[in-house]
Amino acid sequence: MAPVVKILDIHKIYDSGEVPVHAVRGVSLEIHRGEFLALMGSSGSGKSTLMNMLGALDRPTKGEYFLDGTDVSKLDKNDLADIRNQKLGFVFQGFNLLSRTTALENVELPLLYGKKRMSSKAMKERAMHCLDIVGLSKRSDHMPNQLSGGQQQRVAIARALVNEPQVLLADEPTGNLDSKTSIEVMGVFQKLNEQGITIVMVTHELDIAHYCKRDLILRDGVVVRDELVKDRSIAERELQRLAEAEAKAKLIGGPIPTV
Amino acid sequence: MMRFYVTILMALRALRRNTMRSILTALGMIIGVGAVIAMVSIGNGAKAQVQSAIAGLGDNLIIVSPASLNTGGVRGGAGTGVTLVPADADAIVADLQEGNKRVMSVSPYIGGGGMQVLANGLNWRPQVLGVGPDWPDIRSWRVTEGTFFSEEDVKTAAKVAVIGKTTADTLFPEGGAVGQMVRIGNIPFKVIGMMDTKGFNNNQDQDDVLFLPYTSHMKRVSRRTSLNSIYVKARNEDVVDRVKSDLTDLLTQRRNGAVDFQVQDQAEIAAARTAATDTMTYLLGAIAGVSLLVGGIGIMNIMLVSVTERTREIGIRLALGAHGKDVLTQFLIEAILLSSLGGIMGVALGIGGSQLAGHYKGWAVEPSTTAMVIAVVFSSFVGVFFGFYPARKAAAMDPIEALRYE
Ligand SMILES: Nc1ncnc2c1ncn2[C@@H]1O[C@H](COP(=O)(O)OP(=O)(O)O)[C@@H](O)[C@H]1O
Ligand SMILES: [Mg+2]
């Protein structure tokens, strides 16, 4: 089967500053349907730059990018916007939800810019369904500031799913979350991946990368390692272990002030 | 298009999210449009009032006055100019009333301003006017009690007076004014008649008046030798123009060619008087227009702030698939909604304000539908004009840059 994402010798040079920065220096990559890929590397290694190009937010300086068969590197601004809307789903480190806008309205947002005509009822149903997938349908009318970080990120995931994308892209989705919430979010990703959704995520935490299936390490804009994850962590199991440990702590240590 | 409808919804949501700011932003428009509507309503009212007052002067009326009386639409005070004398009125009677019979009646007119009048142990300051016996006919103004003074009274400068309703009610609260004596200075006048109620004209109570034979006014009260004007009533509508040229010819001849007087029919009087209110209306309208402009600049200012402040939001929208055009429309519609809602509220404020002014100041107020429609359309146009630059700025943003904005 043809890969969903295929990039060939892609480069990105930022020349806005005094010195041009060669952030990505020739990356070639194929991602197939159903993959769950972690993009790792130290800060400044070019992870976000690569993600932005994969996400059709930015155009490569050189190289080719085929998404689902379409040559994305040649498209204009509006076509890129349509690609982002139709074929890609985004999850950002900082959640990037619209403030003072309900969870449901946030999830509906990509539908508003969709090409297909939809009744507002259909939009609502679709958004509600996606909130259900991430387990937040009960919070649909909450504003972002009424939700915890993990919940906000789950709303963002629901928003990324709403147009049934080919690939879900996430740039450090757990970067702003504590470790338990991070595992919860990874659990959501694993569940989605099991249902067949292709996921590419950036992380610099090794234990988070362990929840993925394939691990790609970037250094100074080039891929230095690309391997399958051995002994994959399963979020459900980890969460259970955490819960047990917590319960034991309670038994031994007496009353713990609720946090 | 679906997107357009959704864009309106989003713009409304955005405005609602910042209700207080939206109201403050629209306030400029509200006040600007309110001022326009109020000015036009009051101007219209004043104009209608002047017109109806002049129509109420009487039919087929022509007024001869010194040239300075109506220069530039500004009414001179009593006694401006010294060119009209009773002999002019006599000549008009001889030539045009008894001569070619195109004139029905003629009356000299002396406006006195307020004068102290004593009667019945009370005193009051009505307008004391000197006119001729044909005055009731010329003004279509009935005498309800007693009689008006006669030709004979004029000839002898008789000490008689005809009283207006308000003056009568004030000086003789118990009634029975006719037959009583009133004094102006030391001179007693006998009240021989009372006029019907005429109402207000230009905020002036026309019934607060005392009529004397013009000769009595000149000799006994004001000691003047000239008239303020001469009222002439043409026989019918068709001869009004002829009478005007006859009057001009006659008076020019009597002055050896000097034209220091003017002859105006009702339409011309109306035009001269409304010209003043028109000028006022345009002037105030221009000021109101400037305040609309200021309102528009206020909207632009807030929209620019809003675009900067919402850079991240714009980034999110672009990242999720909005085209530049969608963002442009959204901000443009926000600006238009702000300005046109401001316009609509301004219309309401203008109507309310002018009614209030009308109520407390006794001004006639006539709201104009045309002005309202123009104001609302214009205010949305202001939104388009002043909202375009900020909206384009928003639409031109790069999604990554915008998302990175703190
Ligand atoms: N807009 C930009 N303009 C100039 N240089 C940039 C820009 N974005 C990133 N860079 C540079 O490119 C390199 C890679 O950045 P980035 O892709 O953000 O790394 P990572 O996400 O792995 O931390 C860094 O050296 C960074 O300074
Ligand atoms: Mg990064």
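Everything numeric in this text was worked out from a predicted model, so none of it was measured.

Q: Which residues make up the packing of helix α10 (residues 311-319) of chain B against helix α11 (residues 324-361) of chain B, and what are the values?
A: Residues and elements named next belong to chain B. In contact at an axis separation of 9 Å, α10 and α11 are set at 140° when each is read in the N-to-C sense. By the angle between their directions, the pair α10 and α11 is classed as oblique. Crossing handedness for the pair α10 and α11: right-handed. Along its contact with α10, which presents E313, I314, R317 and L318, the element α11 presents G324, V327, Q330 and F331. Each residue belonging to the contact of α10 with α11 can be placed in one class, and the counts come to 4 nonpolar, 2 polar and 2 charged.

Q: Just give me the short version of the site of ligand 1, but keep the residues and values in it.
A: All names here are of chain A. In the neighbourhood of ligand 1, 13 residues make up the surrounding shell, with G44, G46, K47, S48 and T49 lying closest. The set of elements that each furnish at least two residues to the shell around ligand 1 consists of β2 (21-31) and α1 (47-54). No other element matches the 3 residues that α1 contributes to the shell around ligand 1. For the shell around ligand 1, the per-class residue count stands at 3 nonpolar, 8 polar and 2 charged.

Q: Explain the pairing of strand β10 (residues 222-228) of chain A to me, using residue names and the numbers behind them.
A: With 6 bridges connecting them, strand β9 (residues 214-219) of chain A and β10 of chain A associate as antiparallel partners. Directly across from R214 of chain A, in β10 of chain A, lies its bridge partner L228 of chain A.

Q: Tell me about α1 of chain A, residues and numbers included.
A: Residues and elements named next belong to chain A. Of all 8 residues in α1, 7 are buried, a share of seventy percent or more. The set of residues buried in α1 consists of K47, T49, L50, M51, N52, M53 and L54. Taken from the residues just after α1, A56 is the one with a positive phi, measuring 60°.

Q: Give me the lowdown on the sheet that holds β9 of chain A, citing residues and values where you can.
A: Backbone-to-backbone hydrogen bonds pair the strands of a sheet. The strands run either parallel or antiparallel. Residue and element names in this part refer to chain A. Strands sit in the order β6-β7-β8-β3-β9-β10 across an open sheet of 6 strands; the sheet is mixed. In the strand order of this sheet, the two ends are held by β6 (88-91) and β10, each with one partner. Put simply, the sheet's adjacent strands are angled 15° from each other on average, direction ignored. With 4 bridges joining them, strand β3 (residues 36-40) and strand β8 (residues 198-202) adopt parallel strand pairing. Residue pairing in the sheet places L39 in a bridge with V202 of β8.

Cut-off values and rules
- Residues numbered from 1 in each chain as written.
- Chains lettered and ligands numbered in written order.
- Predicted model: local features only at pLDDT ≥ 70, side-chain atom pairs only at ≥ 80, totals over all residues.
- Heavy atoms only, no water.
- Axes fitted to C-alpha atoms, helices over the stretch in contact; angles between N-to-C directions.
- Helix = DSSP H or I, 4+ residues; strand = E, 2+ residues; numbered from the N terminus.
- Parallel < 35°, antiparallel > 145°, perpendicular 65-115°, else oblique.
- Left-handed = near helix turned anticlockwise from the far one by under 90°.
- Contact = heavy atoms within 4.5 Å.
- Nonpolar A, V, L, I, M, F, W, Y, C, P; charged D, E, K, R; others polar.
- Near = heavy atom within 4 Å.
- Pairing = 2+ DSSP bridges.
- Buried < 20%, exposed > 50% of the residue type's maximum accessible area, 1.4 Å probe, protein only.

Remember, this is a structural readout, not a statement about activity or role.
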